[in-house]
Amino acid sequence: MESGLNQIRPIIQVNDLHKSFGTQEVLRGITLAVESGAVVSVIGASGSGKSTFLRCLNYLERPSSGEIIVDGETIGASAAAPGRRAAEPSSRDIARMRSTLGMVFQQFNLWPHMTVLGNVIEAPIQVKRMPRREAEDLGRQFLAKVNLLDKQNEYPAKLSGGQQQRVAIARALAMRPKVMLFDEATSSLDPELTTEVLEVMRDLARDGMTMLVVTHEMGFARDVSDRIVFLHAGRVEEDGCPAQVFNAPLSERCRQFVSSALG
Amino acid sequence: MFAVLQGAFDPALFWEYRVTLLIGLLQNLSIFAESAAVAIILAFIVGIARLSPRRALSWTATAYAEFFRNTPEYVLLVWIYFVLPLLLTKLVGMQVKFSPHLAAVIGLGVAYSGFMSETVRAGLRSIPGGQTEAAQSLGLSSLTILRRITLPQAIRRMLPEVINQLVSLFKATTIVSLISVQDIMYQVSMISVAEMRPVPLYTGAALIYCVVIIAATQALQALTQRWRTRGWA
């Protein structure tokens, strides 16, 4: 990539991100820029820090140091003047930033006491103060997008895992996020249910949604991503287009991982 | 044998004192209702505070719960009725005195708020953390998450335990006679002094309590039935 001055501003810019749990350093300086509309898959072995990285982006984990800039806005540690201790970001700033990043979890995490539609409209009503009627129209629109409009009045417990995950995707989309983060969204699903979720994710990618996808689905990563980032021991070990990362990786570790993952 | 049983149970004697006993029962009921309200409100505040990420707050709340959970109700009652007014009088330089009724409500209320805060905390902790994370990731504030996501589910899980604790609280209202609240036990002891027949009177009191508590438990369960069996899950 050329380092021109006239580049488009990335929607997410991460600079030298570190995260430690106690004495264990999980992220050891990650720098990454994601352009608007790009689909970036983050791959790597268990414990390589990929989920932690994603969770740091929306502050579900507090980064130990480093800078995260979402759509031009800096949150957290870097906000302080040089030489001064960083001010803690306010919970309001964090909430505002979070609502621009949609997140989909491995365990779906739907709210069981609300209907499918109730799950989808909760955040628009509570966070954006959207009138209920308007939120319901919006919610149905996104449920239709994930092919679950007919389940809008069911409770999550009545749905299959794949259906629950699609509701979770609709719930995240209803906030009209600028970026969607997928944290192993299909890892707890049976193979046949995985397909329906990946199909929805493919649709999103086609629509031009910016996506950061932590995944073990190498086929999906290869077919859908514009870019693959391979993490190893908390660092970016390889970063490139799918063809390069899968066929001609520069790093030996990445080559080993890819060849064992593709089988 | 029969004579002994007859001596232990004498409905006619109770019928004779029905008005006095009813007034006593109403005292029990009103102290129960008021102290239950105090206990439940404090329990939610303390139980939620115990889960706060702010150390000072959660630590204070834990100390509060541990103190009141581990101090006998009777000692609390006596302390609040006799000792606290003396301290307050010195503090504000003005005569402070609690009525037995008020002291009973405060004493039982704080004592049971300690137990119930544990139930509130456990109920909230039983909601999977992922649900909170999902809510956070959508930008919901902590207060909204409590109000809309965790509490509605937690309360449902707390209900059986809270009903047990309310039954204990009702039973505990019998000790208020010791700080001269004129409840059933107080009335019964007065009557038994006048009648010199403690056996049927105290046996009868035990039966009255048992019947009232069974009825109240059934009523509480019926009231919460709809809530506990709502459609989801």
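Residues numbered from 1 in each chain as written. Chains lettered and ligands numbered in written order. Predicted model: local features only at pLDDT ≥ 70, side-chain atom pairs only at ≥ 80, totals over all residues.

Looking at the interface of chain A and chain B
- With 20 residues of chain A in contact, the opposing surface of chain B contributes 18 residues.
- Of all the secondary structure elements, the ones that give two or more residues to the side of chain A that touches chain B are α2 (91–98) and α3 (116–126) of chain A.
- A breakdown of the residues in the side of chain A that touches chain B according to their chemical character gives 11 nonpolar, six polar and three charged. (Contact = placed C-beta atoms within 7 Å. Helix = DSSP H or I, 4+ residues; strand = E, 2+ residues; numbered from the N terminus. Nonpolar A, V, L, I, M, F, W, Y, C, P; charged D, E, K, R; others polar.)

Quick look at the sheet that holds strand β8 (residues 210–214) of chain A
Residue and element names in this part refer to chain A.
- Spatially, six strands are ordered β6-β7-β8-β3-β9-β10 in an open sheet, and the strand pairing comes out mixed. Of all strands in the sheet, those bounded by a partner on one side alone are β6 (101–104) and β10 (235–240). Each strand of the sheet is rotated relative to its neighbour by a mean of 20°, with strand direction disregarded.
- Pairing geometry for strand β9 (residues 227–232) and β10, over five bridges, is antiparallel. By the bridge assignment, valine 229 is partnered in β10 with aspartate 239. (Pairing = 2+ DSSP bridges. Axes fitted to C-alpha atoms, helices over the stretch in contact; angles between N-to-C directions.)

Quick word on the domain arrangement of chain A
Residues and elements named next belong to chain A.
- Domain annotation for chain A reports domain 1 (6–100 + 180–263) and domain 2 (109–176).
- Centre-to-centre, using C-alpha coordinates, domain 1 lies 25 Å away from domain 2.
- If you tally residues by element for the side of domain 1 that touches domain 2, the top one is helix α6 (residues 191–206), at four residues.
- Its residues placed into classes, the side of domain 1 that touches domain 2 shows six nonpolar, two polar and one charged. (Domains from an automatic or database assignment.)

Considerations on the packing of helix α4 (residues 55–69) of chain B against helix α6 (residues 100–125) of chain B
Residues and elements named next belong to chain B.
- Where α4 meets α6, the closest approach of the two axes is 8 Å, and the angle between their N-to-C directions is 120°. As far as their axial angle goes, α6 and α4 are oblique. The element α4 and its partner α6 pack so that their crossing is left-handed. Taking contact as the criterion, the partners of Ala65, Phe68 and Arg69 in α4 are, on α6, Val110, Ala111, Ser113, Gly114, Phe115, Ser117 and Glu118.
- Of the residues contributing to the contact of α4 with α6, the split by class is five nonpolar, three polar and two charged. (Parallel < 35°, antiparallel > 145°, perpendicular 65-115°, else oblique. Left-handed = near helix turned anticlockwise from the far one by under 90°.)

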